[in-house]
Amino acid sequence: RIVSALARDGRRPYRDMARMLGVSEGTIRSRMARLQDEGLIRVTVVGSPLALGVGVVAVVLIKVGAGRVPETAKALAGYKNVRFVGTAFGSADIIIQTCKRAGVRSMILDVEASDRYFGSHPPQVARDLISRIRRDIPPDFHLGLCLFTRDDEPRRIHIDEWLPHVNSLHPMVYHWDFSHGRGEPEPYLDEAFDVLSGCGLPIVPILGTYADPASGLDVPAEHLVRGATHALQKRAAGVSLFRLGAT
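Residues numbered from 1 in each chain as written. Predicted model: local features only at pLDDT ≥ 70, side-chain atom pairs only at ≥ 80, totals over all residues. Heavy atoms only, no water.

### Description of the pattern of salt bridges
Going through the model one piece at a time under the given rule, you end up with eleven salt bridges. E191 is the salt-bridge partner of R150, the closest N and O atoms lying 3.8 Å from each other. With R150 in the loop between strand 5 (142-147) and helix 6 (153-156) and E191 in helix 9 (residues 185-196), the pair connects residues that are 41 residues apart, well separated along the chain. Given a relative accessible area of 24%, R150 falls into the partly exposed group. The class of E191 is partly exposed, set by a relative accessible area of 31%. Two residues, R226 and E184, come together in a salt bridge whose shortest N-O distance is 2.6 Å. Taken together, the residues R226 in helix 10 (residues 221-233) and E184 in the loop between helix 8 (175-178) and helix 9 connect sequence positions 42 residues apart. (Salt bridge = Lys/Arg side-chain N within 4 Å of Asp/Glu carboxyl O. Helix = DSSP H or I, 4+ residues; strand = E, 2+ residues; numbered from the N terminus. Buried < 20%, exposed > 50% of the residue type's maximum accessible area, 1.4 Å probe, protein only.)

### Let's talk about the nonpolar core
Residues L109, L143, L145 and W162 are the most contacted members of the largest nonpolar core, which totals 40 residues. Looking at this core, the element that brings in the most residues is helix 9, giving five residues. Those residues in contact with L145 that lie beyond four places of it in its chain are L109, V111, I159, W162, V166, S168, L169 and H170. Counting residues in hydrophobic clusters, the runner-up holds ten residues, among them A5, L6, M17 and I28. (Core = buried A, V, L, I, M, F, W, Y, C linked by side-chain atoms within 4.5 Å. Contact = heavy atoms within 4.5 Å.)

Worth remembering: the numbers are spatial, not functional.
So, in structure tokens, the structure goes:
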């Protein structure tokens, strides 16, 4: 109850908390001391990055491999443009807040219809979100849109709301995962290009390099070479590789 009260107002006086919780001020003081001595809470001050002239680019939710949360969080905390790192339970293992850093001129937005991502929000939500993002970054800042092209996903994320504000498209073509370790890369790349070729933007497919989650089979290296070659033959502007749990 003390922690909940502090979460609402970190500067709440002990007297006010005692009155609200129906205990003495001395009780609040002793319990606060015990919580801090045991390392359960830490009262600190966090400056507003906007007031300090540091623009916040994004709050990023990260899912990492089992048992790798501590080392990954520690590595992320070492980056100068990461001002906050926290661990969490649920859809994300780590939450970070990143700030503008000199020389960074592009960012990719991962927009998915899953409830853990953009979800099934109406078009107005997409329109408001991308408008705010574009308004708060320089005009020449490059934005890429990362998305799935299967199962009617572009329509479900309201792709038409995002297209006027992004500069490139990055379809996630994880053929080994999609096919449970049995499929070839070319049909999945063809599907992605068929869906996005009419958008008039450069396409940079992302190939999955991780093992199939169901079978544990590694994706053949030859598949990645073939996939990249096929994508470039279809006039892809480039190719990216994604390994589950890592950048």
